[in-house]
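Here's the letter readout for the chains.
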Amino acid sequence: MKINLRNMSLMMILLLILASCGGNKEKVNENETENKAETGEMSEDTSEAKLVIEDVLGRKIELDKPMDKVIIQGSGSGGPFMTMMYLDRDNFYKKIAAMDDGIKLHRNDLYQRLVDKIPELDDVKRVSNFADNDFSLEELLSIDADGIIAPVSFKAQLDTIEDKIGLPIIYVDYHNQDFDDHLKSTEIIAKATGLDKNLDKLNGFYKEKIDSMKERLKDISDKPRVYLEHGYEGEHAYGNSYGNEMMWGKIINDAGGYNLTGEVLGEKEATPVSEEFVLSQDPDMIFNTGAEWIEKPESMKMGFGISPEDVNKKLDKYKTRNGWQDLTAMNAKNVYVIGQNLARDMCDFYAYETLAKTFHPELFEDIDPEADMEDFYENFMPIEYQGTWFSKYE
């Protein structure tokens, strides 16, 4: 019995010694951990704390988190403003640290309606249009912003100041009318700003409309010969036409038409063609684009405050152009006007549907672009759809 008690005592002592050693080991490990933390030697993976954005140029930009405040460019022409609104119409303006005045100048009808709905939008700080090379570096440095989002066409100007402003610059591209770049640019803006409320819904809506159009047009061979010009100059002077890989030129081709000016313009070119060219080609259809350009009273008007009657009266004046009274399209009244702002944007599905239906009505009998645009406004815009965005000469 004494031997058993003695053995038990020895075992208890041994267990206490082992427990003591283990405790010391844990203490040592805790000390080592604390020391590593103090000296910055921790091996913990912190990559999850970084948000990596790959823009349309393939440049990878690292952010700690989505930007709270961003400087934007191209607000009236293919920049991030419209997409930010589609992504979260209730909160998009809170993310804008500063913006150019393009939307106020070139889409004034839309801007005034947005301000009526969201008065705070008029208080957003304004900066110059970088593309005009008329901007102040000092002014940019004074703005409390986390980064800049701009169309890729602004890169040359931003390259000159990128290393001086210390802000990440992210590029998007809607101008090239590439369907994949439309979707990618929208994803980039959503990820960079955190305005992702409607991302899947918006991209899904757009993709559905475009995929349907492409499927219907896949076997066409007979394409109408189309002349299109930008309506900024009105009837008094020929406006820009487009190459086959530039805005309306690409839209015409993708919608099942034949862009006549692609024969004489470079793929990415946007410039007027000669009167002689238009008269010699005698196009099957003529398109003009319009907007409520407040600085250009003689321009072709199209938008929220315009009626089909207004468009008809303006188109009558195009007959005063030399030789236009003899053009087949004018006499057959195969002349149309579409909103200039319905390109380089996530709402340009309307332009594709409308042109495709005009070119090939038998393939698009069940497609109603107006109803689709009303649906788009209901889901993504803070204002109601109204006005005239497409009109045929009557």
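Provided above is the structure to which this section pertains.
Throughout what follows, the structure given in this document is the object of discussion. Quick caveat: nothing in here was measured; it's all calculated off a predicted structure.

Some words on the packing of helix 9 (residues 199-217) against helix 15 (residues 369-380)
Then, number 1: Packing of helix 9 against helix 15 leaves a shortest axis separation of 11 Å and a crossing angle of 170°. Here helix 9 is positioned roughly antiparallel relative to helix 15, judged by the angle of their axes. Only Asp372, Asp375, Phe376, Asn379 and Phe380 of helix 15 make contact with helix 9, whose side of the interface consists of Lys201, Leu202, Phe205 and Lys209.
Then, number 2: Per-class residue counts for the contact of helix 9 with helix 15 are four nonpolar, one polar and four charged.

Brief notes about unusual backbone geometry
Then, number 1: A positive phi angle, near 40°, is found at aspartate 282, a position not held by glycine.
Then, number 2: The topology assignment puts aspartate 282 in the loop between helix 11 (275-281) and strand 12 (285-290).
Then, number 3: Non-glycine residue arginine 344 carries a positive phi angle of around 45°.
Then, number 4: Turning to its location among the elements, arginine 344 is positioned in the loop between strand 13 (335-339) and helix 14 (349-359).
Then, number 5: Of the residues examined, arginine 344 reaches a relative accessible area of 13% and is grouped as buried.

Some details on the pairing of strand 6 (residues 147-151)
Then, number 1: Here strand 6 lies mainly inside the structure; five of its five residues are buried.
Then, number 2: Two strands pair when backbone bridges link them, and strand 3 (residues 70-72) and strand 6 are joined in this way by three bridges, in the parallel orientation. Note on strand 6: the bridge partner recorded for valine 70 is glycine 147.

Points about the sheet that holds strand 12
Then, number 1: Taken in spatial order, the five strands line up as 10-8-12-13-14 in an open sheet, and their pairing is mixed. Because the sheet does not close on itself, it has two edges, and the strands there are strand 10 (258-259) and strand 14 (390-392).
Then, number 2: When strand 13 meets strand 14, the two strands line up antiparallel, connected through three bridges. In the sheet register, isoleucine 338 faces strand 14, and the bridge partner there is phenylalanine 390.
Then, number 3: The sheet contacts of helix 14 involve strand 8 (225-230), strand 12, strand 13 and strand 14, and relative to strand 12 the element is tilted by about 160°.

Focus: a negative patch on the surface
Then, number 1: Among the surface-exposed residues, Asp368, Glu370, Glu374, Asp375 and Glu378 lie close enough to one another that they form a single negatively charged patch.
Then, number 2: Tracing the backbone shows aspartate 368 in the loop between helix 14 and helix 15.

Criteria and thresholds
- Chains are numbered independently. Their residues run from 1 in the order of the written sequence.
- With pLDDT at 70 or above as the cut-off, local features in this predicted model cover only qualifying residues; side-chain atom pairs require 80 or more to be listed or tallied, and sums for whole chains, interfaces and linings still use all residues.
- To obtain the side-chain values, all non-hydrogen atoms of the structure were included, while hydrogens and water were left out.
- The axes are straight lines fitted to the C-alpha atoms, using for helices just the contacting stretch, and the angles between their N-to-C directions are given from 0 to 180°.
- Counting from the N terminus, the helices are the DSSP runs of H or I reaching at least four residues and the strands are the DSSP runs of E reaching at least two.
- Convention used here: angles under 35 degrees read as roughly parallel, angles over 145 as roughly antiparallel, angles from 65 to 115 as roughly perpendicular, and any remaining angle as oblique.
- Contacts were defined at the residue level, with two residues in contact if any of their heavy atoms lie within 4.5 Å.
- Three categories are distinguished: nonpolar for Ala, Val, Leu, Ile, Met, Phe, Trp, Tyr, Cys and Pro, charged for Asp, Glu, Lys and Arg, and polar for the others, with Gly belonging to the last.
- Categorising residues by exposure relies on relative accessible area from a 1.4 Å probe, with only protein chains included: less than 20% of the type maximum marks a residue as buried, more than 50% marks it as exposed, and the intermediate range marks it as partly exposed.
- By this definition, two strands are paired if DSSP reports at least two bridges between them.
- Patch rule: a residue counts if its relative accessible area is over 30% and it has no salt bridge; like charges are joined within 9 Å, and nonpolar side chains (Val, Leu, Ile, Met, Phe, Trp, Tyr) within 5 Å.
- Per-residue and other accessible areas were derived by the Shrake-Rupley procedure at a 1.4 Å probe size, with only the shown protein chains allowed to occlude residues.
- Take a side-chain nitrogen of Lys or Arg and a carboxyl oxygen of Asp or Glu: if they are within 4 Å of each other, that pair is a salt bridge.
- In summary, the charge assignment counts Lys and Arg as positive and Asp and Glu as negative, without counting His or the chain termini.
- By convention, the point assigned to a charge is CZ for Arg, NZ for Lys, CD for Glu and CG for Asp.

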